[in-house]
Amino acid sequence: MKRIIACFVTCATICSFVSCNQTPKDTLEYTTKKSTESISASESVTVKPIDPPEITGDVVAELEDGLTVWESFDPDKHAVKLIFVGNKQYYFPDLNPEYVVNVKYDLFQNGGGFFQALMKPMETPITVYLPVADYLNGKSFVVRWDSVNDKLQVTHHDTAYQPSIDVFSYYSDEPIRVKDAFLHFALTKHFDGEYSERDLLQIGQITYNCNSLNISTFQRTANFIALETTRDELRYVYYYTKLTDSGEKPSETVIRHPDPFTACAADEQPVEIPDAALADIERYFHGLYRINLYHAPNFKDPEADRALIRKYEAFKQRALKKYLATDIPMIGD
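So, how was this worked out
- Residues numbered from 1 in each chain as written.
- Predicted model: local features only at pLDDT ≥ 70, side-chain atom pairs only at ≥ 80, totals over all residues.
- Heavy atoms only, no water.
- Helix = DSSP H or I, 4+ residues; strand = E, 2+ residues; numbered from the N terminus.
- Contact = heavy atoms within 4.5 Å.
- Areas by Shrake-Rupley, 256 points an atom, 1.4 Å probe, with all protein chains shown as cover.
- Expected span 1.5 Å × (residues − 1).
- Buried < 20%, exposed > 50% of the residue type's maximum accessible area, 1.4 Å probe, protein only.
- Arc of directions from axis to C-beta.
- Salt bridge = Lys/Arg side-chain N within 4 Å of Asp/Glu carboxyl O.
- Phe/Tyr/Trp six-rings, centres within 6.5 Å; stacked < 30°, edge-to-face > 60°.
- Pairing = 2+ DSSP bridges.
- Axes fitted to C-alpha atoms, helices over the stretch in contact; angles between N-to-C directions.
- Patch = residues over 30% accessible without salt bridge, like charges linked within 9 Å, V, L, I, M, F, W, Y side chains within 5 Å.
- Parallel < 35°, antiparallel > 145°, perpendicular 65-115°, else oblique.
- Left-handed = near helix turned anticlockwise from the far one by under 90°.
- Polar contact = N/O pair within 3.5 Å; in protein donor to acceptor, adjacent residues only side chain to side chain.
- Core = buried A, V, L, I, M, F, W, Y, C linked by side-chain atoms within 4.5 Å.

A word on the overall build of the protein chain
Within the protein chain, the regular secondary structure consists of six helices and 18 strands. For the protein chain, the share of sequence-separated contacts (at least 6 apart) that also reach a separation of at least 24 residues comes to 59%. Surface summary for the protein chain: the accessible area is close to 20700 Å², and the carbon and sulfur share equals 53%.

Here we look at helix 6 (residues 302–320)
Over its 19 residues, helix 6 runs 27 Å from end to end, which matches the ideal 27 Å to within 8%, given 1.5 Å per residue. Here helix 6 has its buried residues at D305, L308, Y312, F315, K316 and A319. Buried residues of helix 6, seen end-on, are gathered within an arc of 100° and therefore sit on one face of the element. Contacts from the buried residues of helix 6 go to helix 5 (275–284) and strand 18 (290–295).

Structural notes on the pattern of salt bridges
The tally for this structure, following the rule as stated, stands at nine salt bridges. R144 is paired through a salt bridge with D158; the nearest N and O atoms lie 2.7 Å apart. Residue R144 is found in strand 10 (residues 141–148), and its partner D158 is found in strand 11 (residues 154–161); the two are separated by 14 residues along the sequence. R318 is the salt-bridge partner of E282, the closest N and O atoms lying 3.0 Å from each other.

Comments concerning the packing of aromatic side chains
Counted under the stated rule, the structure contains 13 aromatic pairs. When the centroid spacing of 6.3 Å and the interplanar angle of 65° are considered together, the rings of F84 and F141 count as edge-to-face. In this pair, F84 is assigned in strand 4 (residues 79–85) and F141 in strand 10, connecting sequence segments 57 residues apart. Across the pair, exposure class does not vary: F84 and F141 are buried alike. Joined through ring pairs, the aromatic side chains of F84, F92, F141 and Y161 make up one cluster.

Description of the pairing of strand 11
As defined by bridge partners, strand 10 adjoins strand 11 across eight bridges and the pair is classed as antiparallel. Looking at the pairing, S147 lines up with T155 of strand 11. As consecutive antiparallel partners, strand 10 and strand 11 are separated by five residues, and within that stretch L152 has a phi angle of approximately 60°, a positive value.

Considering the sheet that holds strand 3 (residues 68–74)
Sheet architecture is open: four strands sit in the order 2-3-4-9, paired in antiparallel fashion. At either margin of the open sheet sits one strand with a lone partner, and together these are strand 2 (59–62) and strand 9 (126–131). On average, each strand axis in the sheet is inclined to that of its neighbour by 25°, with strand direction left out of account. With six bridges connecting them, strand 4 and strand 9 associate as antiparallel partners. Residue pairing for strand 9: V80 is matched across the bridge by L130.

Notes on helix 5
Within the span of helix 5, buried status applies to A277, L278, D280, I281 and Y284. Within helix 5, the buried residues cover an arc of 165° as seen down the axis, which keeps them to one side. Exposed residues pointing more than 90 degrees away from the buried face of helix 5 are listed as D275 and R283. On its buried side, helix 5 packs onto strand 12 (175–176), helix 3 (181–190), helix 4 (197–200), strand 14 (203–210), strand 18 and helix 6.

As for a nonpolar patch on the surface
Together, V148, L152 and V154 make up an exposed nonpolar region whose accessible area comes to about 320 Å². Following the sequence through the fold, V148 ends up in strand 10. Classification of V148 as exposed rests on a relative accessible area of 53%.

Section: the packing of helix 5 against helix 6
Look at helix 5 against helix 6: their axes get within 10 Å of each other, and the N-to-C directions meet at 20°. The orientation of helix 5 with respect to helix 6, classified from their angle, is roughly parallel. In terms of crossing hand, the pair formed by helix 5 and helix 6 is right-handed. Contacts between helix 5 and helix 6 involve D275, L278, I281 and E282 from the first element and K311, Y312, F315, R318 and A319 from the second.

Structural notes on the environment of N96
Mapping N96 onto the fold places it in the loop between strand 5 (89–90) and strand 6 (104–109). A distance of 2.9 Å separates a polar atom in the side chain of N96 from the backbone nitrogen of E98.

Some thoughts on the nonpolar core
Side chains that are nonpolar tend, in soluble globular proteins, to be buried together. Core analysis: the largest hydrophobic core is formed by 35 residues, its most contacted members being F84, F92 and V167. Those elements giving two or more residues to this core turn out to be strand 3, strand 4, strand 7 (115–119), strand 9, helix 2 (132–136) and strand 10.

The following block contains the structure:
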């Protein structure tokens, strides 16, 4: 009898143990209440942190108070890469914040209703991509750091910095040929024969005029291309046809080349800047800080004329800002 009872107790214990280890299936459906709270936007903005850059460069510059700068060139971005390393927080009050990787800034509204970014102090290393055009135009900029005394008074410490890397050496001096025939003619005249991508770095401003109107006489002007260099500050003008009424007053800073590009009549000249010329400018002219595009107004189709103007404006924005380290949305731009 005892054996029977013991066997019964043992079987009951085992069954109880098994049932305790079996988790019943949850057949209930659960819902989570969604948060309706909105996150208020802060006026102060910090770009998402990124991994520290590899601190290397072709040129090393020692600045004041232990600040060191590594200079190199990035051919893909057409920019001078600068890495600042020091033991304080630094910022660049006169530099475009969009040139700085992982920049810290405040947005404020100026008197014209536009929003601008005001750079804030940042810990090093700080990486800056300075576009070739800014670099070649000799734009030095200020590196600033602040200190606070026991009376909570802020003192600004500034040092002027001008990179010294040789940008020209990074571009090929092999002869090239742009696709637009008129632009090729002007460049051949300008450089007295062949020209290279390195040569085109000398050009800081280009004007491509297509059969525009002389406001004084309301006559069509001869097509011309004007090139301005950053070194001699002269304006060289090259005409498509024989020099006619250019609508310009003589100036000592203008050098004219009236040699005709072709013997065609004026009305056969293009009235819109060819797409090939736009592609050439964007591809080869890396030192430009200004682009002027003029065409003959289309009074018969004003909407088409406005569309063409919008096309040129979008092109200039794209060609002059080939690379930005940080995209800062400016309300009102």
